[in-house]
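An overview of the molecular structure
Here are the chains, one letter per residue:
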Amino acid sequence: MTLKAPVAPSSTVPQHIAIIMDGNGRWARKRGLPRLAGHKAGTENLRRIIKACVEFGIKYLTIYAFSTENWGRPPEEVDGLMRILEDVIEHELKELDRQGVQIHHLGQLDRLSPKLQKGVLEAVEQTRNNDRLVLNVALNYGGRDEIIHAFRQMLADGVKPEEVTVELVGKYLYTVGIPDPDLIIRTSGELRISNFMIWQAAYAEWYVTPTYWPDFGREELRKALDEYASRDRRFGKVDSSEYGEING
Ligand code: IPE
Ligand code: IPE
Ligand code: MG
């Protein structure tokens, strides 16, 4: 008997990388600086990583910039972060547009400052025809919030129970039209998902490094890509090289 549905040979370059940009606070503390200095350094690193992704031929990059739980931080940190994000959009949009980056937002806009909401909408609108790299900015994003939002929309649309499939749920998520991440990188060493892409991460490969986000540069990204290339993604199936052993 021959087994059907072998694992499709997957490309060695991930189509979609998602990054939990963690460790800004610890990076700053190590240098005796305020936490906001770490966030500032984090945004500078982001510029480097976006450039490297364009260069390495990555098609989709998702970055976790602010979670639904991050509102629970001290108000000075939240306000400072919002200001940094407003500045990033204001100062980086032109260059991102020039590089051919198409910007998407994942999450809810409503709790953000009016200036930030306006900035995000403008960034999305201005870059909508770019096609070099799709950059998804998870900002006021939570995986559970995303799933609740999807349930509510499905119910409001009168979706019938038997119509609910993996494909349909995907159409109601913030990531509609975007393939699942192939590789999720978490900097600063924590081994947890922290409410990030909990649906989409079902078969992602994980790469965790102790390096704090502001120090995670191009060469570190290259290392993560090399490791990804050596992974054997099976998606619950068996590798075709093992067929002989199964059949005896
Ligand atoms: C990640 O860095 C950035 C955000 C969550 C906004 P942290 O601020 O979580 O840094 P650590 O984890 O405290 O070092
Ligand atoms: C995850 O990091 C959120 C972002 C990177 C935006 P956190 O620092 O908020 O996660 P926990 O609290 O360590 O789980
Ligand atoms: Mg953290």
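1. Examining the overall build of the chain
Counting its regular elements, the chain contains 8 helices and 6 strands. Its helices and strands in sequence order give the chain the pattern β-α-α-β-α-β-α-β-α-α-β-β-α-α, from N to C terminus. For a compact globule of 248 residues, the expected C-alpha radius of gyration is about 18 Å, and the chain comes in at 19 Å, within 12% of that figure. Taken along its principal axes, the extent of the C-alpha atoms in the chain is 65 × 50 × 35 Å. Buried residues in the chain amount to 48% of all 248 residues.

2. Regarding the site of ligand 1
In the vicinity of ligand 1, 13 residues are found, and the nearest of them are D22, G25, R26, R35 and R73. A distance of 3.4 Å separates an oxygen atom of ligand 1 from a polar atom in the backbone of G23. R35 places a side-chain nitrogen or oxygen 2.9 Å from an oxygen atom of ligand 1. Coverage of ligand 1 by the protein chains reaches 86% of its 370 Å² of free accessible surface. Elements supplying a minimum of two residues to the shell around ligand 1: α1 (24-30), α2 (35-56) and α3 (75-98). No other element matches α1, which puts 3 residues into the shell around ligand 1. A per-class count over the shell around ligand 1 returns 3 nonpolar, 5 polar and 5 charged.

3. So, the packing of aromatic side chains
Enumeration according to the criterion identifies 7 aromatic pairs in this entry. Relative to F216, the ring of W213 has its centre 5.9 Å away and its plane inclined at 20 degrees; by these criteria the two rings are stacked. By relative accessible area, W213 is classed as buried at 1%. An aromatic cluster is built from Y64, Y141, Y174 and F196, whose rings are joined through pairwise contacts.

4. Considering the nonpolar core
Counting residues in hydrophobic clusters, the biggest one holds 41 residues, and the most contacted among them are I17, L61, I185 and L221. No other element matches α2, which puts 7 residues into this core. Every residue in contact with L61, bar those within four places of it in the chain, is listed here: H16, I17, I19, I50, C53, L133, V134, L135 and N136. Formed by 12 residues, the second largest nonpolar core is a distinct cluster that contains L106, A138, Y141 and M197.

5. Regarding the site of ligand 2
By nearness alone, every residue bordering ligand 2 is listed as I20, M21, D22, Y64, A65, F66, N70, R73, R186, R192 and S194. Between ligand 2 and D22, the relevant distance is 3.2 Å, taken from an oxygen atom to a side-chain nitrogen or oxygen of the residue. Tallying contributions element by element places strand β2 (residues 60-67) first for the shell around ligand 2, with 3 residues. When its residues are assigned to classes, the shell around ligand 2 shows 5 nonpolar, 2 polar and 4 charged.

6. Notes on the confidence of the model for the chain
Residue-level pLDDT values for the chain average 94, and 93% of them are 70 or greater. Note on residues 1-9: pLDDT is under 50 here. Beyond four places in sequence and across chains, it has 15 contacts.

7. Regarding the packing of α3 against helix α4 (residues 114-126)
Between α3 and α4, whose axes approach to 9 Å, the crossing angle comes to 20 degrees. Here α3 lies roughly parallel to α4, going by the angle between them. Here α3 and α4 pass one another in a crossing that is left-handed. Touching M82, L85, E86, I89, E90, L93 and D97 of α3 are K115, L116, G119, V120, A123 and Q126, all from α4. Grouping the amino acids of the contact of α3 with α4 by side-chain chemistry returns 7 nonpolar, 2 polar and 4 charged.

8. A closer look at the pairing of β2
Burial analysis of β2 places 7 of its 8 residues in the buried class, the great majority of the element. For strand β1 (residues 16-20) and β2, the ladder comprises 5 bridges, and the chain directions are parallel. Across the sheet, the residue bridging to I17 is L61, located in β2. As paired elements, β2 and strand β4 (residues 133-141) share 7 bridges and run parallel to each other. Following the sheet pairing, Y64 is matched in β4 by A138.

9. Concerning the side chain of R233
With respect to the secondary-structure elements, R233 resides in the loop between α7 (218-230) and α8 (243-247). Reaching out from R233, the side chain makes a polar contact with the side chain of D182 at a distance of 3.0 Å. Among the polar contacts listed, one links the side chain of R233 to the side chain of Y228, at a separation of 2.9 Å.

Conventions used here
Residues numbered from 1 in each chain as written. Chains lettered and ligands numbered in written order. Predicted model: local features only at pLDDT ≥ 70, side-chain atom pairs only at ≥ 80, totals over all residues. Heavy atoms only, no water. Helix = DSSP H or I, 4+ residues; strand = E, 2+ residues; numbered from the N terminus. Rg over C-alpha atoms; globule rule 2.2 N^0.38 Å. Buried < 20%, exposed > 50% of the residue type's maximum accessible area, 1.4 Å probe, protein only. Near = heavy atom within 4 Å. Polar contact = N/O pair within 3.5 Å; in protein donor to acceptor, adjacent residues only side chain to side chain. Areas by Shrake-Rupley, 256 points an atom, 1.4 Å probe, with all protein chains shown as cover. Nonpolar A, V, L, I, M, F, W, Y, C, P; charged D, E, K, R; others polar. Phe/Tyr/Trp six-rings, centres within 6.5 Å; stacked < 30°, edge-to-face > 60°. Core = buried A, V, L, I, M, F, W, Y, C linked by side-chain atoms within 4.5 Å. Contact = heavy atoms within 4.5 Å. pLDDT = per-residue confidence, 0-100. Axes fitted to C-alpha atoms, helices over the stretch in contact; angles between N-to-C directions. Parallel < 35°, antiparallel > 145°, perpendicular 65-115°, else oblique. Left-handed = near helix turned anticlockwise from the far one by under 90°. Pairing = 2+ DSSP bridges.

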